[in-house]
Amino acid sequence: QVQLVESGGGLVQAGGSLRLSCAASGRAFNNYAMGWFRQAPGKEREFVSFINWSGGITDYADSVKGRFTISRDTTKNTVFLQMNELKPEDTAVYYCAAAPSMTRRSLGYDYWGQGTQVTVSS
């Protein structure tokens with residue numbers, strides 16, 4: 001069966017860094033874009049970043065641009081999110097997802113992971 005499994009979340013102080021990973025299994029995600037979303041308590045899920053199949057096209061929400069970097073290793077079916085200069089407002093559950101086409105819209109994604117908690121203290 002298809003699975004996306006996030007890892008790498010945790011507790012970090014403001015200004016610190018975390019590296020999230022998302023491992024895919026159950027199918028080859030050829031030509032799929034991979035995205036990261038996050039959801040804080042009481043708020044709607046929001047777009048963070050995406051990367052296309054080849055890795056040559058990336059996009060970021062304004063709130064994370066310049067601090068976060070998305071990448072992927074297609075041979076390992078894994079996508080990463082390097083998060084630097086973390087702020088308390090980055091605190092959320094982070095989800096990875098797969099989409100047939102590049103998009104910022106959560107509705108465009110067909111597969112989702114279970115999420116990993118990121119907590120940034122001040």
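Residues numbered from 1 in each chain as written. Predicted model: local features only at pLDDT ≥ 70, side-chain atom pairs only at ≥ 80, totals over all residues. Heavy atoms only, no water.

### Considering the sheet that holds strand β7 (residues 68-73)
(1) Moving on: An order of β1-β3-β8-β7 is seen for the four strands of this open sheet, with the pairing classed as antiparallel. This sheet does not close on itself; its edge strands, each paired only once, are β1 (3-7) and β7. Taken pair by pair, the neighbouring strands of this sheet meet at an average axis angle of 15°, ignoring direction.
(2) Moving on: In this structure, β1 lies alongside strand β3 (residues 18-25), joined through five bridges in antiparallel fashion. Residue pairing across strands places Val 5 opposite Ala 23, the latter belonging to β3. (Pairing = 2+ DSSP bridges. Helix = DSSP H or I, 4+ residues; strand = E, 2+ residues; numbered from the N terminus. Axes fitted to C-alpha atoms, helices over the stretch in contact; angles between N-to-C directions.)

### Here we look at the pairing of strand β9 (residues 92-99)
(1) Moving on: Most of β9 is tucked away, with seven of its eight residues classed as buried.
(2) Moving on: As paired strands, strand β4 (residues 33-39) and β9 are joined by seven bridges and run antiparallel to one another. Bridge pairing in β9 links Gly 35 to Ala 97.
(3) Moving on: Judged from the two bridges that link them, β9 and strand β10 (residues 111-112) form a sheet pairing that is antiparallel. Its bridge partner being in β10, Ala 97 is matched across the sheet by Trp 112. (Buried < 20%, exposed > 50% of the residue type's maximum accessible area, 1.4 Å probe, protein only.)

### Thoughts on the side chain of Thr 78
(1) Moving on: Residue placement: Thr 78 occurs in strand β8 (residues 78-83).
(2) Moving on: Among the residues examined, Thr 78 registers a relative accessible area of 13% and is labelled buried.
(3) Moving on: Separated by 2.9 Å, the side chain of Thr 78 and the backbone oxygen of Lys 76 make a polar contact.
(4) Moving on: Beyond its immediate sequence surroundings of up to four residues, Thr 78 is in contact with Cys 22, Ala 23, Arg 72 and Asp 73. (Polar contact = N/O pair within 3.5 Å; in protein donor to acceptor, adjacent residues only side chain to side chain. Contact = heavy atoms within 4.5 Å.)

### As for the pattern of salt bridges
(1) Moving on: Summed over all chains, the structure comprises five salt bridges.
(2) Moving on: Asp 59 is the salt-bridge partner of Arg 104, the closest N and O atoms lying 2.5 Å from each other. With Arg 104 in the loop between β9 and β10 and Asp 59 in strand β6 (residues 58-60), this pair connects stretches of sequence that are 45 residues apart.
(3) Moving on: We classify Arg 104 as partly exposed; its relative accessible area is 43%.
(4) Moving on: What makes Asp 59 buried here is its relative accessible area of 18%. (Salt bridge = Lys/Arg side-chain N within 4 Å of Asp/Glu carboxyl O.)

### A word on the state of the cysteines
Linking two cysteines covalently via their sulfur atoms produces the bond known as a disulfide.
(1) Moving on: With the rule as written, the count across this model stands at one disulfide.
(2) Moving on: Across a sulfur-sulfur distance of 1.9 Å, Cys 22 and Cys 96 are joined as a disulfide pair. The disulfide joining Cys 22 to Cys 96 has a torsion of about 55° about its S-S bond and is therefore right-handed. Of this pair, Cys 22 sits in strand β3 while Cys 96 sits in strand β9, and the two are 74 residues apart along the sequence.
(3) Moving on: Exposure remark for Cys 96: the relative accessible area of 0% places this residue in the buried category. (Disulfide = S-S within 2.5 Å.)

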